[in-house]
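Notes for the structure review
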Amino acid sequence: MAKPLTDQDKRKQISVRGLAGVENVADLKTNFNRHLHFTLVKDRNVATKRDYYFALANTVRDHLVGRWIRTQQHYYEKDPKRVYYLSLEFYMGRTLQNTMVNLALENACDEATYQLGLDMEELQDIEEDAGLGNGGLGRLAACFLDSMASLGLAAYGYGIRYEFGIFNQKIVSGWQQDDWLRYGNPWEKARPEYMRPVHFYGRVEHTAEGVQWVDTQVVLALPYDTPVPGYRNNIVNTMRLWSAKAPCDFNLKDFNVGGYIQAVLDRNLAENISRVLYPNDNFFEGKELRLKQEYFVVAATLQDIIRRFKASKFGSTGVLSTSHRKNLVAIQLNDTHPALAIPELMRILVDTEKLSWEKAWDIVVRTCAYTNHTVLPEALERWPVDLFQNLLPRHLEIIYEINRRHLERIAKLYPGDVDRMRRMSLIEEGDVKKINMAHLCIVGSHAVNGVARIHSEIIKDTVFKDFYEVDPQKFQNKTNGITPRRWLVMCNPGLAEVIAERIGEDYIRDLDQLKRLLDFVDDDAFIRDVAKVKQENKMKFAAHLEEHYKVKINPNSMFDVQVKRIHEYKRQLLNCLHIITMYNRGVSCFQAAPGYHTAKMIIKLITSIGDIVNNDPVVGDRLKVIFLENYRVTLAEKVIPASDLSEQISTAGTEASGTGNMKFMLNGALTIGTMDGANVEMAEEAGEENLFIFGMRVHDVEAVDKKGYDAMSYYNQIPELKQAMDQISGGYFSPTQPDLFKDLVNMLMHHDRFKVFADYEDYIKCQEKVSALYKNPKEWTKMVIHNIAGCGKFSSDRTISEYAREIWGMEPSLEKIAAPDDPR
């Protein structure tokens, strides 16, 4: 069997087609040695592999810096409208290779490291993932930053520089901290000159001069900037992440040694704000620290936005009024986590800038826009009023005033409809009074969007129906997308090259061009090339599994993969039941959020099934179940190109969009899925006959809900389902603890909101169709080509172009700006 090409070899092939610019290899070597010597203070005798990684990272970063400075100069001169993307999560992954791809430096760096006697892939593996996100929402933000830079938009990502990002997951030893900053981060630059104070607690004074928020506790926000390069257009935007620092002022008149020591130790409390990422983005936990994080990022960011606006050519007069009708700032709220931007901007405009309420509100609404990411009730943020009263008393007053005016308007539109006013209020009455952050976002924004067509319709029909009836013009759809730079060129260079040989390289900037691959769907040579790349990726991944997980798998078997955070609505349990069914007939990776009991039990079930199946001599290597722990962006970049089948099996109407589904599709996996989220549009683009669609549609789910879902009836009527459930409940997969899974069994039988049994039979039949087609490699690969050709719509470039034109009032551009060494 031929040894699979390394990614390094494949990138060399790609560069033959001009996908990597020719750089001066001698210069790179000189700069590498210079950084090793002057930046890291090492020579080749004592340098470690990590030192070599840092020397290479700094060498590549040198190529960013000139472009970064030139981009900011360009924005200052042109004074374009600026867009600020506010997100509590940015799941960036690794930066080195992505930067080399976007700056066309790969070929030269490969050659330089080779000549220096170093292994490029080894060096890349030393880089820590910047895991400042949990899953879809944070990775989407990262893809969006890439697209905004590639489309020449004056865009800034704002978030928190968490010391500990997504946890490292070890099945044996539990959860471990992700100390990604332990060795330093060569890509960031601290900007202490832009440090900003953020206030908490205190009280509100209403005086003749206006409102004042006094006696507050101050935490300082220290910004760290990370460059975000566009794809070969010389534009480098900025992601600015805030780190919490305690102020240094001690009250010296009461000085005593014990008090001083305690005061220094207490600095930790203030700095805890940016210590850790909350490990769940689909479950709301009303913790004070989380609310502090949400206000911290918003307060620091808005001060920065206003500082930049006042320093710009237009804003140099310091005017923030709306005498001009053209807004020069757009703020996009990535879910409700940064919702406090609305009352905070009102506070600045009214209390500090002394604008009238009406003028200030007009600016806020025209500036802010809100993206909704979920319809699950447990994920929607509702903060207790008492917590606000204590932590942010002025903001509570402002929210009450926003609500008063909002309800006045509703009362005029619907006189006497008290129930509607209760439903639409920003304040939910009850045992504990709560602020509904989604309602605040809708009222305070000029645009509200869902993230897939079906999701945008669901929010208009159900969760935000009342608001849609009042302001239908606010509601839009922006189907999510992924960046083809990271999710094809970087993670699957072999496939990127095979495509480029047929249709050229412009598809990397314009993914719609993949449609041209339909001309090659019956071309035997192309079919062979696509299949060969997939096989190489599978062999490479099998070798990775053997090395890191000590599991041997057959690379000729079908790689059936489910990559999801563990949640009942994503229905990993349906997948488990299929595995058990296949196992029973004699003849698949997940990531969990800690602190979620059902999730942990689902993982335990998966690993227990794996223990039985993988060690059964009758089954041999025909079926293997592998749980990939510590899932992250870097592991996704390995598993996705090697996958044959992508499991997108959430209950119809529960997954807002999904982006993993798009990554698998672009990398040549076929989809087995329900008509949920973006699957609906994927089926439209590639042809429903080229996906394995099964199960209830949204209207079927609604019908079952009306009638009442009876899991027992399915259990009693479907022998294979009954057998599988009896094995789980009887201890077949947990012989030493027979009732280990009783809670899961009880949930599936009596409290399953996501109706696993209702789709079981159709899912098993659909999996049989998958197996039958897989035995015909040529037809399978033709279906793969149809899918790749249908991926154009799912580029984040398309998504961001729609946001720019339809929400932010900006025009994307593929124009290159001058390189730093070009005369202007």
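Computed from a predicted model, the values in this text were never measured in an experiment.

**Here we look at the sheet that holds strand 16 (residues 427-428)**
Taken together, 3 strands build an open sheet; the order of strands is 15-17-16 and the sheet is antiparallel. Of all strands in the sheet, those bounded by a partner on one side alone are strand 15 (382-384) and strand 16. Bridging between strand 15 and strand 17 (residues 434-436) involves 3 bridges; their strand directions are antiparallel. Across the sheet, the residue bridging to P384 is K434, located in strand 17.

**Some remarks on the UniProt feature "modified residue: N6-(pyridoxal phosphate)lysine" (unreviewed entry) in the protein**
Feature annotation in UniProt assigns "modified residue: N6-(pyridoxal phosphate)lysine" (unreviewed entry) to the following positions: K663. Note on placement: K663 falls in helix 24 (residues 660-666).

**Some words on the domain arrangement of the protein**
Interfaces are often described in size by the accessible area the parts lose on coming together. According to the domain assignment, the protein consists of domain 1 (286-311 + 326-478) and domain 2 (493-797). Computed over C-alpha atoms only, the centres of domain 1 and domain 2 are separated by 37 Å. Taken residue by residue, the interface counts 12 residues in domain 1 and 17 residues in domain 2. Carbon and sulfur atoms supply 57% of the area buried between domain 1 and domain 2, which totals about 960 Å² over both sides. The largest per-residue losses of area from domain 1 upon contact with domain 2 belong to L376, R453 and I454, which jointly make up 52% of the total buried on that side. Applying the counting criterion to the domain 1 and domain 2 interface returns 2 salt bridges. One salt bridge connects R753 with E378, and the closest N-O pair in it is separated by 3.0 Å.

**Re the state of the cysteines**
In the structure shown here, the tally under the stated rule is 0 disulfides. Free cysteine: C368, not disulfide-bonded; nearest cysteine sulfur from C441 at 8.5 Å.

**Let's talk about the pairing of strand 8 (residues 196-200)**
Burial of the side chains of strand 8 is restricted to one face: R196, V198 and F200 are buried, whereas none of P197 and H199 on the reverse face is. Of the strand pairs in this sheet, strand 8 and strand 11 (residues 217-229) are connected by 5 bridges, and their pairing is antiparallel. When the bridges of strand 11 are listed, V198 appears paired with V219.

**Focus on unusual backbone geometry**
The phi dihedral of R571 is positive, around 60°, even though this residue is not glycine. Along the polypeptide, R571 turns up in the loop between strand 20 (560-561) and helix 21 (572-584). Even without a glycine there, the phi angle at K755 is positive, about 55°. Within the secondary structure layout, K755 lies in the loop between helix 29 (742-750) and helix 30 (756-774). On the basis of relative accessible area, K755 is assigned to the buried category, the value being 5%.

**Side note on the pairing of strand 14 (residues 368-371)**
Here strand 14 shows a buried face lined by C368 and Y370 and a second buried face lined by A369 and T371. The pairing of strand 13 (residues 329-334) with strand 14 spans 4 bridges and is parallel. When the bridges of strand 14 are listed, L333 appears paired with Y370. Summarising the sheet, strand 14 and strand 18 (residues 447-450) pair through 3 bridges and their orientation is parallel. When the bridges of strand 18 are listed, A369 appears paired with A447.

**What about helix 19 (residues 493-503)?**
Of all 11 residues in helix 19, 10 are buried, a share of seventy percent or more. Burial in helix 19 covers these residues: P493, G494, L495, A496, E497, V498, I499, A500, R502 and I503.

**Some details on the packing of aromatic side chains**
Think of a pair of aromatic rings as described by two things: how far the centres are apart, and how the planes are tilted against each other in angle. Tallying each qualifying case throughout the model produces 19 aromatic pairs. Between Y158 and W242, the ring centres sit 6.2 Å apart and the planes meet at 20°, which makes this aromatic pair stacked. Here Y158, found in strand 4 (residues 155-160), pairs with W242, found in strand 12 (residues 236-245); they are 84 residues apart in sequence, far enough to count as distant. Like W242, Y158 is buried. What links up through ring pairs into an aromatic cluster is the set Y84, Y156, Y158 and W242. The aromatic ring of Y183 is capped on one face by R50, whose charged end is 3.6 Å from the ring centroid.

**Structural notes on the environment of L132**
Of note, L132 is situated in strand 3 (residues 130-132). Put simply, L132 and V276 are 144 residues apart on the chain and 9.1 Å apart in space, counted from C-alpha to C-alpha. In this structure L132 touches L88, E89, F90, Y91, I160, Y162, G165, W180, L241 and L277, once residues within four positions along its chain are discounted.

**Concerning the packing of helix 3 (residues 49-78) against helix 4 (residues 96-103)**
For the pair helix 3 and helix 4, interaxial distance at closest approach is 10 Å and the crossing angle is 40°. Here helix 3 is positioned oblique relative to helix 4, judged by the angle of their axes. For the pair helix 3 and helix 4, the crossing hand works out as left-handed. Residues Y53, L56, A57, V60, H63, L64 and R67 of helix 3 form the contact with helix 4, whose own contacting residues are L96, T99, M100 and L103. A class-by-class count of the residues in the contact of helix 3 with helix 4 yields 8 nonpolar, 2 polar and 1 charged.

The rules we used
Residues numbered from 1 in each chain as written. Predicted model: local features only at pLDDT ≥ 70, side-chain atom pairs only at ≥ 80, totals over all residues. Heavy atoms only, no water. Pairing = 2+ DSSP bridges. Helix = DSSP H or I, 4+ residues; strand = E, 2+ residues; numbered from the N terminus. UniProt positions renumbered as here; feature names shortened; annotations may be inferred. Domains from an automatic or database assignment. Contact = heavy atoms within 4.5 Å. Buried area = accessible area lost by both parts, 1.4 Å probe. Salt bridge = Lys/Arg side-chain N within 4 Å of Asp/Glu carboxyl O. Disulfide = S-S within 2.5 Å. Buried < 20%, exposed > 50% of the residue type's maximum accessible area, 1.4 Å probe, protein only. Phe/Tyr/Trp six-rings, centres within 6.5 Å; stacked < 30°, edge-to-face > 60°. Lys NZ or Arg CZ within 6 Å of the ring centre and 35° of its normal. Axes fitted to C-alpha atoms, helices over the stretch in contact; angles between N-to-C directions. Parallel < 35°, antiparallel > 145°, perpendicular 65-115°, else oblique. Left-handed = near helix turned anticlockwise from the far one by under 90°. Nonpolar A, V, L, I, M, F, W, Y, C, P; charged D, E, K, R; others polar.

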